[in-house]
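Report on the structure
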Amino acid sequence: MAIRVHQLAKKLGMSSKEMLEVLSRLNVPVKGHMSSLDDETAEIVTHELATEQNKKKEVEVKEKEAVLKDLEVEFPVTVKNFALKLGIKSSDLIQKLIKKNIFASINHNLDDVTINAIAAEYGYKVHRPPTAEEVLFQDHHQVVDKTKLVPRPPVVTLMGHVDHGKTSLLDYIRKTKVTEKEAGGITQHIGAYEVMINKKAVTFLDTPGHEAFTAMRARGANAADIIVLVVAADDGVMPQTKEAVDHAKAAGVPIVVAINKCDLPSISVDKVKKQLCGMQLISEDMGGKTVTAKVSAKTGDGVDNLLEMLLLEAELLELKADPTLPASGVVIEGKLSPGQGPTATILVKNGTLRIGDIVLTDSCYGKVKAMINDRGHRVKEAPPSMPVEILGLSGVPYAGETFFTVKDDKKAKELFSSRQDKVREDNLKKTKRITLEDIYARLKDGIVKELKIILKGDVKGSVEAIEQSLGELPAKEIKVNIIHSDVGNINDADAILAMASDAVIIGFNVKIEPKAKETIEKEGIDARIYSIIYEIVADVTAAMEGMLEPISKEVFLGRAIVRQVFVVSKVGKIAGCTIQKGTIARSAIIKVKRSKEVVYEGKISSLKRFKDDVREVAEGFECGIGVDGFNTLREGDVIEAFGIEKVARRLEKA
Ligand code: GDP
Ligand code: MG
């Protein structure tokens, strides 16, 4: 099919004369506007014209851009500040945004696409200055100097279901005993150890296996070069085995499988291998590529083979780092050590960390005062892949935070304090959530009843792990609301917060400070200390059920014998007593017994030692007890005091 010149001109929106000009420029021989062009020529002409037009447009845009003035905008930027930058009214900018279907108030942050588009309309081109962090991090962004790269030890993380033998296996490898020191037999923190295998250093990270530790496991996977998936031969693949595989896959880390407990009788390694196939971990003897080693952490059988496999796998990865660079890496764990202040176990991923270096993590800042290696020895420097505990940080960093060292102390401090401000702001926002209106609205609706919790733990990892498992509890009728969580002992501020907000305090491996103890006792705050995470979960579950249907139980506190009865005007009868057993507390429930028969049940109206009001009187002492609304007290009556304990009904596990 041919097309005439005038037809093509019409099709492309130009006059015949213009088309003839184009054709002569493109050296297409034609006689006039009635000449025919074959399809191929017509297509070439169309294409050429489009290209020409595009080029023209590009030039136009460039010319336009050349006249755009530079506008420096620091991100994030609010509508208000951006309007200020542009020199226009906020209301005008809001109008403009509405036309673009963006409904923002003056305090809204704008994204960079919107900002670029609007800036261009006002004749500006936006420049984003490097953030303070980027400036500080410049040293680390040096062009990689390949000649300086040297091999570094692999970081191997042991993962798997709880009790499958991760700690034991690492223990065997380290020839030490870590398992016995752990509360409840669970690895509560990520342990980081450097081990020499065939004169080659390998860094091992142990991760806890209990389901409460998902967050910590994710970190273990991220810090690793290789993951050793520990599967007990008797148990096989379990929920956390699968989860560990998910983490490893998400982090893109190769997996080596260790089938453990092969010393046990009547186990089937083949069955485990088949289960592993279900997760695309097909062992080499089954035609797959996954290195799978049979081991026993108990007898040590197969462990050497596993280690050899690990070294081979590591070799394939050709792990390298530049030890001449300033250090950067990840925080494995942060904690508050008595006498030492905040400490953090960190893993250097690149560069070398030295004493005196200024370290900046996501939430902390400090000069490295001392470094302690995994054997408890002080070291002066930590090269790539080396885990060390560092002292000198301003606070306790979260596990998983990244860190880097900076040269400019002053700038680092500035950045740190601006970050602190932000954290403080965020915290303020958090506490604002619990307002009176809030509570009122919730109560009025009657839909949400919540269990408020103040959580204190010894390390950030455990605090996070507890938060997470509590967050996962079913929340149909009532929900768990952790209104405050932090690392450190339970202090008076926690007690006051609990009082003010009707919360219970849960402590994990911490103590209650004396002042807080006073407040807690005085105000009757529920504060509990645990050393095993799943007991917290079990108790909170029970408490949640208890809120739905509390069962009260009396607990015997003490017994007093009435020696004498006084009549005090306006007050009534006061019984002069001797405490025969236990204690009598002012707040206790009492039963008055006469010849073993309960003649009164109620409360104490006054409790005195001589003339002083007291909270409690202990065994062997004398006191005066006034009994609310019971005026027939007699000499020889027995007053028994009880506390009320709320016993929660526990639900069966689903
Ligand atoms: P983790 O939770 O994975 O760290 O497991 P542990 O290392 O704490 O081990 C859990 C239990 O399994 C402990 O009682 C160990 O003694 C036991 N265990 C670990 N490895 C082996 C093994 O190879 N053989 C046998 N028989 N028991 C083992
Ligand atoms: Mg363990």
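Scroll up for the structure.
The notes below deal with the structure included here. All values reported here derive from a predicted model rather than from experimental measurement.

Cut-offs and rules
- Residues numbered from 1 in each chain as written.
- Chains lettered and ligands numbered in written order.
- Predicted model: local features only at pLDDT ≥ 70, side-chain atom pairs only at ≥ 80, totals over all residues.
- Heavy atoms only, no water.
- Pairing = 2+ DSSP bridges.
- Helix = DSSP H or I, 4+ residues; strand = E, 2+ residues; numbered from the N terminus.
- Axes fitted to C-alpha atoms, helices over the stretch in contact; angles between N-to-C directions.
- Buried < 20%, exposed > 50% of the residue type's maximum accessible area, 1.4 Å probe, protein only.
- Near = heavy atom within 4 Å.
- Polar contact = N/O pair within 3.5 Å; in protein donor to acceptor, adjacent residues only side chain to side chain.
- Areas by Shrake-Rupley, 256 points an atom, 1.4 Å probe, with all protein chains shown as cover.
- Salt bridge = Lys/Arg side-chain N within 4 Å of Asp/Glu carboxyl O.
- Expected span 1.5 Å × (residues − 1).

**Some details on the sheet that holds strand β11 (residues 226-232)**
Across a sheet, paired strands are connected by hydrogen bonds in the backbone, their directions being either parallel or antiparallel. The strand order β9-β10-β8-β11-β12-β13 describes an open sheet built from six strands, whose pairing is mixed. Of all strands in the sheet, those with a lone pairing partner are β9 (191-197) and β13 (292-294), marking the two edges. For this sheet, the mean angle separating the axes of adjacent strands, direction not counted, is 25°. Where strand β8 (residues 155-160) lies against strand β10 (residues 200-206), four bridges are found, and the strand directions are parallel. Each residue of the ladder has a partner; that of Val156, found in β10, is Phe204.

**Thoughts on unusual backbone geometry**
In this structure, Lys261 takes a positive phi of about 65° despite not being glycine. When you line up the elements, Lys261 lands in the loop between β12 (255-260) and α11 (269-277). Looking at Lys261, the relative accessible area reads 23%, which means it is partly exposed. Phi is positive for Ser595, close to 45°, though the residue is something other than glycine. With respect to the element layout, Ser595 can be found in the loop between β30 (589-594) and β31 (597-609). Taking the relative accessible area as the measure of exposure, Ser595 reaches 72% and is therefore exposed.

**Here's the deal with the site of ligand 1**
As a structural note, the neighbourhood of ligand 1 is formed by 17 residues, with Asp163, Lys166, Ser168, Asp263 and Ala297 the closest of them. Within the contact set of ligand 1, a nitrogen atom lies 3.1 Å away from a side-chain nitrogen or oxygen of Asn260. In this structure, Lys261 approaches ligand 1 through a side-chain N or O atom, which is 3.0 Å from an oxygen atom. A total of 580 Å² of accessible area belongs to ligand 1 in isolation, and the protein chains cover 78% of it. Considering every element that reaches the shell around ligand 1, the biggest residue donor is helix α8 (residues 166-174), with three residues.

**Side note on the pattern of salt bridges**
Any two side chains of opposite charge can pair, on the condition that their charged atoms come close. In total, this model carries 12 salt bridges according to the counting rule given. Note that Lys273 is salt-bridged to Asp285, the shortest N-O span being 2.8 Å. A residue pair is termed long-range when its members are at least 10 positions apart, and Lys273 in helix α11 and Asp285 in the loop between α11 and β13 qualify at 12 residues. Across the pair Asp492 and Lys515 runs a salt bridge, and its minimum N-O distance is 3.3 Å. Taken as a pair, Asp492 in helix α16 (residues 492-501) and Lys515 in helix α17 (residues 514-523) lie far apart in primary sequence, 23 residues in all. By relative accessible area, Lys515 is classed as exposed at 52%.

**Things to note about helix α15 (residues 460-471)**
In an α-helix, one turn spans 3.6 residues; hence positions three or four apart end up facing the same way. Between its first and last C-alpha atoms α15 spans 16 Å; for 12 residues at 1.5 Å apiece the expected length is 16 Å, and the two agree. Counted residue by residue, α15 has nine buried out of 12 residues, so it is predominantly covered. The complete set of buried residues in α15 reads Lys460, Gly461, Ser462, Val463, Glu464, Ala465, Ile466, Ser469 and Leu470.

**Some remarks on the pairing of strand β34 (residues 622-627)**
β34 sits mainly inside the fold: five of its six residues count as buried. Relative to β34, strand β29 (residues 572-585) runs antiparallel, the two being bridged by five bridges. Bridge assignment links Ala575 to a residue of β34, and that residue is Ile625. Sheet topology note: the β31/β34 ladder contains four bridges and is antiparallel. What sits directly across from Lys608, in β34, is Gly624.

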